[in-house]
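# Examining the three-dimensional arrangement
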Amino acid sequence: MATKQFQAESKRLLEMMINSIYSQKEIFLRELISNASDAIDKMYYKALTDDSLTFNKDDYYIKVSAEKDNRTLTIEDTGIGMTEEELESNLGTIAKSGSLAFKNENEIKDGHDIIGQFGVGFYSSFMVADVVTVYTKSADSGQAYKWESNGADGYTIEPAEKSSTGTEVIITLRENTEDENYDDFLEEHRLKSIIKKYSDFIRYPIKMDVTIQKPKEENEKEFEDVQEEQTINSMVPIWRKNKNELTTEDYEAFYNEKHYGFDKPLKHIHLSVDGAVRYQAILYIPETTPFDYYTKEYEKGLELYSNGVLIMEKCADLLPDYFSFVKGIVDSEDLSLNISREMLQHDRQLKLIAKNIKNKIKSQLQTLLKEEREKYEKFYQSFGRQLKFGVHMDFGSHKDDLKDLLLFYSSKEKKLITLSEYVSRMPEDQKYIYYATGDSYDRIEKLPQTERLLDKGYEILYFTEDIDEFAIKTLMSYDDKPFKSVASSDLGIESEEEQEKEETEEKENKELFDEIKNLLSDKIKDVRASKRLKTHPVCLAADGEVSIEMEKILQQMPDNQNIKADKILEININHDVYQSLKKAYDNDKEKLKLYTNLLYNQALLIEGLPVEDPVAFTNDMCKVMA
């Protein structure tokens, strides 16, 4: 019997596949089971058009058997089988897909869709096999055939004996090496776990003889190992069930079964889309943050299935980064898969699914915010930071998607509010959305810079996270109302009369302020009479795009570029301290220097900035006390 050679390109492709294409060898079993499922699907379609055939679903199954003594693994199906010509065509040319051709010829669109790319998936078995033997008998032929190959050298086909229609693929495993334990694929628990992982939702039973313990007949207190045939897969995925059949408990059970988290999900989204691209999905919004969520180690992504067969455990392309907390699965029959099934072509269908999923998540979060505020605030405590990162990243290209999902603490409400709620109650004369930054709400509450604004009855948003101000700078405005920090050099709250008065005061105090500026040299950009202070003597304001809070954050970063805010020292000219400054300026320049250093260091402390020379500062305090 002559050995037939693979076509040259097929031989090269086979060598590549054996050595490199698949990163996990275990997926060979997924491929062979998918092919077996296809073969039963073909039998089903044949029965639809051939009156001499009846399709009784209970007669169709896939059986996985391991024989440790022979080191063989058998995957058997009761499907349509192959003729000699089909063996030659489907297994002689690697890139030929019998399933795909069958699907096209029969114009199959709905129902039992064919999963496989038979010629491609079948050859993944050579990642673990020395020899692959196929026994098959077609429903269209009384003659069975045996196909055998030891890899790239070629294959043989000869007539064989087989009593029933269907196919058996027998894998003789490679010898173990230092790096690979091929015997692992003969172990019952390992085979069960691979089947459950990749093929749990194949629509036909996948059977195995499983070892169980049963009491002995002669003595019920003693047990013996007995082989019992069991169905390993669950067959019907939850996402293909009607939503009306499912309860919240069913969705929560699936969440736990998939180990998406130790919490209960706050919300689930069950999608069944039949449009330009068909897919089904179950998505979960978790309640608590995974321990590694805000680290580089965290991997986002949804499980991706093609017709119930797991393709990728974490498909990152299905989720934008700002929704990376979402867990779940997507199952589509319309995705174009490349040769390995592990890597998706970045095709139009995938992008359409991703866009739709993004919109559904956004819509669900908006509904949660509107209808279940308490639940949304729980979610926001865990993942609000990620939404704010989303506003800031990619030069603000996602800000319109996210701005209405943001919450900030309100000086007026003493709780989290939306930007829309803030704007809806702004007085007519208020030009800006005001915010203040600090380590905590209590610290911000005591900031001198907030005095005048609060006195005028304006609401202030409190920012306590390092990303807050960066996100707001990216957002720039909301509902045509620009954002303004309470520490910015111009708050925009003065009337014309007040502005004229301040200009006069500036001129009157110019010499004193110039002297203070000179004493502080390069530490500050300017000294001004404060427009915002009421009871406090001094504060720092910032001029330009970089705020004092942003400076603090940037200074802490590993790639510290020494970016600094342009600081303005503001002095309350209505405070007693100002009178002391004037007296010192007129009578005692040393005392003026002492007071200036004290005021500057006080302003630093109020802002949470480090005092440059703590010893000098304490010495100055002692001089005043003495």
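Residues numbered from 1 in each chain as written. Predicted model: local features only at pLDDT ≥ 70, side-chain atom pairs only at ≥ 80, totals over all residues. Heavy atoms only, no water.

Moving on to the overall build of the protein. Helix and strand content of the protein: 20 helices and 22 strands. Projected onto its principal axes, the C-alpha coordinates of the protein cover approximately 120 × 65 × 50 Å. Of all 626 residues assigned to the protein, the portion counted as buried reaches 51%. Summarising the internal contacts of the protein: among those between residues at least 6 apart in sequence, 68% fall at separations of at least 24. Element-wise, carbon and sulfur atoms account for 45% of the exposed surface of the protein, whose accessible area totals about 31100 Å². Treating the 84 positive side-chain charges of the protein as one cloud and the 122 negative ones as another, the clouds have centres 4 Å apart. (Helix = DSSP H or I, 4+ residues; strand = E, 2+ residues; numbered from the N terminus. Buried < 20%, exposed > 50% of the residue type's maximum accessible area, 1.4 Å probe, protein only. Contact = heavy atoms within 4.5 Å. Areas by Shrake-Rupley, 256 points an atom, 1.4 Å probe, with all protein chains shown as cover. Lys, Arg positive; Asp, Glu negative; His and termini not counted. Charge placed at Lys NZ, Arg CZ, Asp CG, Glu CD.)

With respect to the helices, strands and loops of the structure, Thr 211 is situated in strand S7 (residues 206–215). Residues Thr 211 and Ile 553, 342 residues apart in the sequence, show an inter-C-alpha distance of 60 Å. Among residues more than four places away in sequence, those in contact with Thr 211 are Glu 188, Asp 225, Val 226 and Gln 227. Within the structure, the side chain of Thr 211 is placed 2.9 Å from the side chain of Glu 188, a separation counted as a polar contact. A distance of 2.7 Å separates polar atoms of two side chains, one belonging to Thr 211 and the other to Gln 227. (Polar contact = N/O pair within 3.5 Å; in protein donor to acceptor, adjacent residues only side chain to side chain.)

The 3 strands are arranged S20-S22-S21 in an open sheet whose pairing can be described as mixed. Strands at the two margins of the open sheet, each flanked by one partner only, are strand S20 (526–529) and strand S21 (538–543). Taken pair by pair, the neighbouring strands of this sheet meet at an average axis angle of 35°, ignoring direction. Pairing between S20 and strand S22 (residues 566–571): 4 bridges, direction parallel. (Pairing = 2+ DSSP bridges. Axes fitted to C-alpha atoms, helices over the stretch in contact; angles between N-to-C directions.)

With that out of the way, let us pick up the sheet that holds S7. Paired through backbone hydrogen bonds, the strands of a sheet run either parallel or antiparallel to each other. Pairing is mixed across the open sheet formed by 8 strands, whose spatial order is S5-S4-S3-S6-S2-S1-S7-S8. Each edge of the sheet is formed by a strand with only one pairing partner; in this case those strands are strand S5 (155–160) and strand S8 (223–231). If you compare each strand with its neighbour and ignore which way they point, the axes differ by 25° on average. When strand S1 (residues 62–67) meets S7, the two strands line up parallel, connected through 3 bridges. Note that in S7 the partner of Ile 62 across the bridge is Ile 206. Docked against the sheet, helix H6 (residues 188–199) engages S1, strand S2 (72–77), S7 and S8, running at close to 135° with respect to S7.

This part is about the packing of helix H14 (residues 468–475) against helix H17 (residues 548–556). Running from N to C, H14 and H17 cross one another at 120°; their axes reach a closest spacing of 9 Å. On the basis of their axis angle, the class for H14 and H17 is oblique. Where H14 crosses over H17, the handedness of that crossing is left-handed. For the pair H14 and H17, the contacting residues are Glu 469, Phe 470 and Lys 473 in the first and Glu 549, Met 550, Ile 553 and Leu 554 in the second. When the residues that make up the contact of H14 with H17 are grouped by side-chain class, the tally is 4 nonpolar, no polar and 3 charged. (Parallel < 35°, antiparallel > 145°, perpendicular 65-115°, else oblique. Left-handed = near helix turned anticlockwise from the far one by under 90°. Nonpolar A, V, L, I, M, F, W, Y, C, P; charged D, E, K, R; others polar.)

The next subject is the pairing of strand S12 (residues 309–315). Both faces of the sheet carry side chains from a regular strand, because those side chains alternate between them. Both strand S11 (residues 302–306) and S12 contribute to a ladder of 4 bridges, which runs antiparallel. Residue Ser 306 lies in a different strand from S12, and its bridge partner there is Val 309. Taking the residues between adjacent antiparallel strands as the criterion, S11 and S12 are bridged by 2 residues, where Asn 307 takes a positive phi near 55°.

Another aspect to go through is helix H2 (residues 27–49). Because an α-helix completes one turn every 3.6 residues, residues spaced three or four positions apart along the sequence face the same direction. Given a rise of 1.5 Å per residue, 23 residues ought to cover 33 Å, and the 34 Å separating the end C-alpha atoms of H2 matches this to within 8%. The buried fraction of H2 is high, at 20 of 23 residues. (Expected span 1.5 Å × (residues − 1).)

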